[in-house]
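One letter stands for each residue in the lines below.
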Amino acid sequence: MLRFLSAQSTFNLWVIFLTENLLVTVLALLFGWLILKFNHKPIKPASRKEVFICILTNVINTAITYAGFWLWTHGYILLSYTTSWRIGFDFLVLFMLMDLAMFLFHYAIHRSILYKTIHKFHHHYADPIPIDLFVLHPLETVGFGCLWLALLLLFNFNIYAVFIYLVVNVFFGIMGHLGIEPVPAGIRRIAPFKYLGTSSFHHQHHLNINHNFGFYTNIWDKIFRTYKG
């Protein structure tokens, strides 16, 4: 696949990456819709503004994907391609480092003027629906993308671990914007679920902007005393 992409023109790469991002978005929204339907949750239709921003987010994510590919082709991003124990290890490192980086970025936005100018846009939706995962201010989308590229530039990760992480990232994003909690309370009280950023965990952040800044876990919120169950 990488050899195929390396042989494509810039225009073809943009078309391929845009198609890929749109397909991921459609599959993610379908997954969220199925969970809501299974839990008999009324499905609120997305507004035109939400749809427009979702498409814009996909365009920006396409630019970030292209930037990452360009950095890889020019030797700035290094990846390993072996199938070994390193896949699991690299995934866990990616998972925790990105969780920490996004927590700090998210916390910094809430504690600065950037909240009113950028992030308040996302918090307009106190009772989110799945599409709101992709409803972000363009500068915030760029910021999260830069965090991702910076991590890939700093470390040599396994490509399969990167792929698994990207799938898990979308999964957590959709789960956090369901507006309901599909996981029973009994399960959420046992390890490892009690350390993860569940749907209710992130929904609590939309209801109270001073708590629960984490994405995949609640570990950093507990350490920095911003956790609210």
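None of these values were measured; they are calculated from a predicted model.

Peer 1: I'm lost on the packing of helix α2 (residues 10–38) against helix α3 (residues 48–73) in this one. Help?
Peer 2: Each pair of packed helices can be described by the angle between their axes along with the distance between the axes. Direction vectors running N to C along α2 and α3 enclose 130 degrees, while the axes themselves pass 9 Å from each other. Between α2 and α3, the crossing angle belongs to the class labelled oblique. By crossing handedness, the relation of α2 to α3 is classed as right-handed. In this structure, α2 contributes T10, L13, W14, F17, L18, E20, N21, L22 and T25 to the contact, and α3 contributes C54, N58, V59, N61, T62, A63, T65, Y66 and F69. Of the residues that constitute the contact of α2 with α3, the class distribution is ten nonpolar, seven polar and one charged.

Peer 1: What is the right way to look at the pattern of salt bridges in this model?
Peer 2: One side chain can pair with another of opposite charge once the charged atoms of both are near each other. This model, assessed by the stated rule, comprises two salt bridges. Put simply, R86 and D90 hold a salt bridge, and the shortest N to O gap is 2.9 Å. Taken together, the residues R86 and D90, both in helix α4 (residues 86–110) and four residues apart, mark about one turn of the helix. With relative accessibility at 4%, the residue D90 sits in the buried group. Across the pair R188 and E181 runs a salt bridge, and its minimum N-O distance is 4.0 Å. For E181, a relative accessible area of 22% corresponds to the partly exposed category.

Peer 1: Help me understand a nonpolar patch on the surface, please; the structure alone is not making it clear to me.
Peer 2: On the surface, L23, L27, L30, W33, L34 and I43 cluster together into a nonpolar patch covering about 550 Å² of accessible area. Turning to its location among the elements, I43 is positioned in the loop between α2 and α3. For I43, a relative accessible area of 40% puts it in the partly exposed group.

Peer 1: Teacher, can you tell me more about the packing of aromatic side chains here?
Peer 2: Aromatic ring pairs are defined here through the distance separating the ring centres and the angle between the ring planes. With the rule as written, the count across this model stands at 21 aromatic pairs. When the centroid spacing of 5.3 Å and the interplanar angle of 25 degrees are considered together, the rings of F103 and F224 count as stacked. Taken together, the residues span a long stretch of sequence, with F103 in helix α4 and F224 in the segment after α10 (219–223) at a distance of 121 residues. Exposure remark for F103: the relative accessible area of 1% places this residue in the buried category. F224 sits in the partly exposed class, given a relative accessible area of 45%. On the basis of an interplanar angle of 20 degrees and a centroid distance of 6.1 Å, the ring pair of F201 and Y227 is categorised as stacked. One end of the pair, F201, is in helix α9 (residues 199–207); the other, Y227, is in the segment after α10, with 26 residues separating them in the sequence. Grouped by ring-pair contacts, the aromatic residues F31, F91, F95, W148, Y165, F171, F172 and Y216 constitute a single cluster. The ring of Y227 is capped by K222, whose NZ or CZ atom sits 5.0 Å from the centre of that ring.

Peer 1: Where do I start with unusual backbone geometry in this structure?
Peer 2: Leaving glycine out, the prevailing phi sign among residues is negative, and the prevailing peptide bond configuration is trans. With omega at 0 degrees, the peptide bond leading from A191 into P192 counts as cis. As for its placement among the helices and strands, P192 is situated in the loop between α8 (185–188) and α9. One non-glycine residue, H40, lies in the positive phi region at around 55 degrees. With respect to the helices, strands and loops of the structure, H40 is situated in the loop between α2 and α3. On the basis of relative accessibility, which here comes to 72%, the residue H40 falls in the exposed class. Unusually for a residue other than glycine, R225 sits at a positive phi of about 60 degrees.

Peer 1: I'm lost on the environment of S199 in this one. Help?
Peer 2: Turning to its location among the elements, S199 is positioned in helix α9. On a C-alpha basis, the gap between S199 and F172 in space is 8.2 Å, while along the polypeptide they are 27 residues apart. Residue contacts for S199: discarding those within four places in its chain leaves M175, G176, L178, I180, E181 and P182.

Procedures and definitions
Residues numbered from 1 in each chain as written. Predicted model: local features only at pLDDT ≥ 70, side-chain atom pairs only at ≥ 80, totals over all residues. Heavy atoms only, no water. Axes fitted to C-alpha atoms, helices over the stretch in contact; angles between N-to-C directions. Helix = DSSP H or I, 4+ residues; strand = E, 2+ residues; numbered from the N terminus. Parallel < 35°, antiparallel > 145°, perpendicular 65-115°, else oblique. Left-handed = near helix turned anticlockwise from the far one by under 90°. Contact = heavy atoms within 4.5 Å. Nonpolar A, V, L, I, M, F, W, Y, C, P; charged D, E, K, R; others polar. Salt bridge = Lys/Arg side-chain N within 4 Å of Asp/Glu carboxyl O. Buried < 20%, exposed > 50% of the residue type's maximum accessible area, 1.4 Å probe, protein only. Patch = residues over 30% accessible without salt bridge, like charges linked within 9 Å, V, L, I, M, F, W, Y side chains within 5 Å. Areas by Shrake-Rupley, 256 points an atom, 1.4 Å probe, with all protein chains shown as cover. Phe/Tyr/Trp six-rings, centres within 6.5 Å; stacked < 30°, edge-to-face > 60°. Lys NZ or Arg CZ within 6 Å of the ring centre and 35° of its normal.

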